Structure formats: structure tokens, C-alpha cells
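Listed below are the residues making up each chain.
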Amino acid sequence: MDSAENHAENTSAGTAQQDSPQFSEFDLHPSVLAAISDLGFESPSPIQAQTIPLLLEGRDVIGLAQTGTGKTAAFALPMLTHLADAGRADDGPFALILTPTRELAIQVAEALTSFAANLPDFSVLPIYGGQSYTPQLAGLKRGAQVVVGTPGRVIDHLKRGSLKLQNLRHMVLDEADEMLKMGFQEDIEEIFAASGSARQVALFSATMPSSIHRITGQYLEDPAEVRIKQATATGANIRQRFLTVMHSNKLDALTRILEVEEADGIIMFVRTKQATEELSEKLRARGMRAAAINGDIPQQARERTVEALRSGSIDILVATDVAARGLDVERISLVVNYDIPLDTESYVHRIGRTGRAGRTGEAILFVTPREQRMLRSIEKATRQKVEPLTMPTVDELADSRTQKFKEQISEALASTDLSELRPVIDAYELEHDVPAADIAAALAALVLGTSTLKPEPLPEPKARPDRNERARTAEGMTTYRIAVGRNERVNPGAIVGAIANEGGITNKQIGHINIRSNHSLIDLPEDLDPAVLDRLKNTKIQGKRIDIRVDTGRPGRPFKRKDRKAGSDRPFKRGGRGFRNDKRGGDRRR
């Protein structure tokens, strides 16, 4: 390989950012360019700047970069450009993206869907273990142009004949080193063998072990190598915190935090231009002085808005990454990542809007339960721990609101002429025999309107349940395990109906139901008659015997290799050592 052509190395994120071209300079499809513009992207990250032109040329590529550097856009944008006018994929997808975990498969599929927003009738389908085959089979039958999957589930569909790769034009291995660590090498080789040779391959990995060398030497043709060394760091004078919060509760969480946080000027980052307008409008409706800037707002109007923040006419600027480039306002003391950035470099650029010239700054990051992976990538890339943020308690918020309301009363007493209103209150007190304190409280209620001095607590974010975590059993109940779950498309109603009808017990005797992929847990009275259990063992739901038994909290026995049939999940590690669930969140049930 020619090192000048095929080995590009970047050692400074700042230099790369400065010298990087714009997305508009690449030969990307207009609809793809429009989508990334809507998402607020303008300048590519180093991995994107160096990889996109190579993939647009049709080259096979090896990308060596850490998670969170923007690899998804690096391979997705050229792929979508090549497939923009490909039409329906009746005989199998045109592109296949392999990922080590189901979480990453979902994340990549969502990103591709966003990038393909302006491509008519274009579909992206994630396939992974732990999910029913039914929606996956339906999506493949409809003709998804791009499939994103974990190797085990891809192999299962190949063996079923539901996935065909003879028309594959693009293949991507994302986090290839992780897939190999998890024992997927034979699966990957089998998928390569089924995909023919007339396809472009992009392989991305954080490291380059010998197993990666073997794959690239055997399956990639004259690959160009792009190597990105991360030198990303954030200022030590910026305090970084994160809050795990459901998307639907972000606005409430934000307003409560701002009630107790001491901040001067604030900049909030969202992903899209539309979101800047929506969030700033909602903040204004809550009494905050906020304005939006994005790429659609004329430059002069943007400059006026920034000047308003600088002068104190507004306190909050809601911006996209593009609109905030180069923004330097001394007054900014807090950066809020309302939407988590799609790569770590964007995060560094965002929080760099505060803590400038030696000043201290604050940065808050909102993370939904599904975005924990990016949080870990940010910490790894910046080599700094992002500390958890503690939400203000209901009592703390009540104290803060009460104090501010008292200050409003003091200001009104000091600055308002009350000579005209006082006789009205005196007369009302005499006429209705109502104490002045009650009249004042009623007037305060009119002022507050629908607001309240003591808010309700926010719902806790719904974290992904641990596979081995059992729900707490109610007193007087025992948890039973039945051999049907999401794979059989059961719902609580079907379980209750079968248990009640066949067991001869009432609905009220049935407690908590937890439906999992291949089984369900159900709470029943601990003094259940053994004869009822005997009747229930042969009960069927969706045509499958439920085989009810007391739950011990232990998974079923691991499959041996000879137990596995085509179409099953893969809860074993090659070599016959049984079920493995490693700390990275990947398992063999893919």
C-alpha cells in the first residue's frame, strides 16, 4: 500500500477541525446533504473528512478510531449517496452493517434513518437477538435497502432463507475488534462467504489485532487505511455533570435545574434547527428570556441575538452545533447539552463555549437511558469523569420558589403605589369578615395562576432492566416462571386469561407480570393448591405449553452446540463453554 495515499493519520483534533472541508464540498447526494444540514452538521470530524471521499470513490476502507468519533456518518453518508436511487430491495438488502451488540445496532439504524430522511421510500431495518422474528421477517419481506444487525441474528436469517445477500453492494463491520473479542469470527467469515465479492467493504475498529489483519487480508481489496489518534481534552476548569432523564421529562428537568443553579448566560445545544425554535419557545412560555440561533436564521439576525446574550437582554441561547461555531461570549457560564451530541468532538466543542480565558464554567449533559454508551465514549475520549447531577428535591424547589416569591412581594411593596388598592382590601375584609392574610393568599393564588410553589416529583427514568434482575415479589405471593415470552408475542391479557381460565383462580389472585424474550415471570399466591399447578403445567398460550414452575432466579441451562437449530438465538460461546454475558453488554444471544 502507498502510505501517502492509504495511511492518513491525524494527531490533533483541533488542527483537523480547522483544516477540515465542509460536507457541502463532498460529492454527496443532495437529499443526504439536506438531511445533515437539517441535523445541524456542517463540518465533518477527522474520521469523516478522511473516510467519506475514499468511500465515495468506491474504495474499501479500514478506519482505526475510537468509539464516539463520528464513524457512523463516515460510512453512512457515502453509502446512502450510492443507494439514493437504488429503489426497492426485493431480493435482499443492498447494504449490511454488522455491529457487536443490539444496542449499537439500534443506534446505528436510528442514525441512518435520520440521514435518509429525505430519500423517498428508503428503509433501514435493525435485526438482533432478543427481539421477535415477526417484525424482522416483515421488514425483510418489504424490501429494506439497508440491514443493521448482530452477527448471530444475521446468521439465523441466512439459514432461514429470510435474508439473502447476493445483491449486496456495501458491507460495514462496525467495532470489528469488539465482535471478534465476543467470538463472532466464524459468523463474520460465514457472512462474508454468503455475500459474494462484488461489494465495497468498510471496517472500523479501535485496535488492530492479528485477527483483524486476517479478515482485512482475506476479504478487503486494496483497502485504504485511515487512522485517527484522539487528542481530545476538555478544560479542567469546566465542571461536567450528567443527568439520566427520559426524553419526555427533559423540559421539566431543565426548568427545575435552572431554578436552583446559579448561572449567568446559558447556551443550550440541540440537534436540529426545528428543535432550537421549539425549545426556545417553550422556555419563553415558562418565563425565561430565551432565543434561538440556527443555520436558517440570517447572519445579521444571528449576530443581533448573540449581542442580546452578551448585553444581558436575553439569558439563554438555544443553538445547533453549526450556529454556535466560533461563538465567544464572556457571559456564558453554563452549557447545557439538551440533546447529547453524536460524537465526542462535538461535545468538546460545545462545552468549550464556557470556561474560556481561565474562567470557570459549568456543563450539564442530558442522557436518556439508551444513550449511556455515548456517555462512556465521552468520558473515554476526554479522559475525564462526568459526575452525576443530583436533581433538586421537591423541598429544595419549594424553598427556592417561596424565596423568589417573597422577593417579588418585597419588590412590589418597595416600588408600587398601594394607596389606591389598600382601601379595597380593607373594605373587603370588613364586608366579608375575612382575615387580611386569607385575602393576601387568594391574591397570591391569582398571581401564581397554574404555577405551584411545591412541584410534583419527576418520574424516575426507566433504565434497561438487567437480565438477571427479578422484580420484588409482593407479600404473600410467589414468583413463577412460564416458558412463553415476547418471542411468542404474548401479552399480559393472554397470560391472565389462560392462568385464570385453566387454573380456576380469579384475576385478583394474579399479581405482577414481567414478560421477557423467551419466558415470563408471574406472581401467584404462595399457598396455591398443587392441583392448580398440575392443571396449569399443560396449559398452552399461543400454541406453546407454558410449563409453569417456581422461579429460582437462575437462567435455563445453556444450549450445547448440538441443541441449536436454525432460527434460534445463540446463547453460547464458541468452544462449548456455555452462556456468556460479558461486561461490555454484548452476549451471544444476537
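Residues numbered from 1 in each chain as written. Predicted model: local features only at pLDDT ≥ 70, side-chain atom pairs only at ≥ 80, totals over all residues. Heavy atoms only, no water.

Counted under the stated rule, the structure contains four aromatic pairs. One cation-aromatic arrangement involves arginine 160 over tyrosine 133; the distance from NZ or CZ to the ring centre is 3.9 Å. Just above the ring of phenylalanine 94 sits the side chain of arginine 169; from NZ or CZ to the centre is 4.3 Å. (Phe/Tyr/Trp six-rings, centres within 6.5 Å; stacked < 30°, edge-to-face > 60°. Lys NZ or Arg CZ within 6 Å of the ring centre and 35° of its normal.)

The topology assignment puts threonine 305 in helix α14 (residues 299-311). When near neighbours in sequence (up to four residues on either side) are disregarded, threonine 305 contacts Ala291, Ala292, Ile293, Ile314 and Leu317. (Helix = DSSP H or I, 4+ residues; strand = E, 2+ residues; numbered from the N terminus. Contact = heavy atoms within 4.5 Å.)

A word on the nonpolar core. One recurring pattern in soluble globular proteins: nonpolar side chains tend to sit buried together. If you look at the biggest cluster of nonpolar residues, it comprises 46 residues, and the most contacted ones within it are Leu112, Phe115 and Val146. Of all the secondary-structure elements, those providing two or more residues to this core are α3 (30-38), α4 (46-56), α5 (71-83), β3 (95-98), α6 (102-115), β5 (146-149), β7 (200-205) and β8 (224-228). Sort the elements by how many residues they give to this core and α5 lands first, with eight residues. Leaving out residues up to four positions away in the same chain, leucine 112 has contacts with Ala76, Met79, Leu80, Ile97, Val124, Val146 and Val148. (Core = buried A, V, L, I, M, F, W, Y, C linked by side-chain atoms within 4.5 Å. Buried < 20%, exposed > 50% of the residue type's maximum accessible area, 1.4 Å probe, protein only.)

This paragraph deals with the confidence of the model for the chain. Residues at a pLDDT of 70 or more form 84% of the chain, whose mean pLDDT is 80. Residue range residues 1-18 is modelled with pLDDT below 50. Its contacts to residues more than four positions away, or to other chains, number 36 contacts. Scored below 50 in pLDDT, residues 463-472 shows 17 contacts in the model against residues more than four places distant or in partner chains. (pLDDT = per-residue confidence, 0-100.)

Attention shifts here to the sheet that holds strand β18 (residues 520-525). What the four strands build is an open sheet, ordered β17-β18-β16-β21; its pairing is antiparallel. Only two strands of the sheet have a single neighbouring strand rather than two, namely β17 (513-515) and β21 (549-550). Its contacts with the sheet put helix α20 (residues 492-503) on β16 (477-482), β17 and β18, and the angle it makes with β17 is roughly 125°. (Pairing = 2+ DSSP bridges. Axes fitted to C-alpha atoms, helices over the stretch in contact; angles between N-to-C directions.)

Turning our attention to the sheet that holds strand β15 (residues 387-388). The seven strands are arranged β11-β12-β10-β13-β14-β9-β15 in an open sheet whose pairing can be described as parallel. With one partner strand each, in any of the chains shown, β11 (290-293) and β15 form the two edges of the open sheet. Pairing of strand β13 (residues 332-337) with strand β14 (residues 361-367), which is carried by four bridges, proceeds in the parallel orientation. From the neighbouring strand, valine 336 faces β14, where its bridge partner is isoleucine 364. Each of β10 (265-269), β11 and β12 (316-319) is contacted by helix α13 (residues 273-285), which is oriented at about 175° to β11, the strand it contacts most. Running over the sheet, α14 touches β10, β11, β12 and β13 and is turned about 145° from β11.

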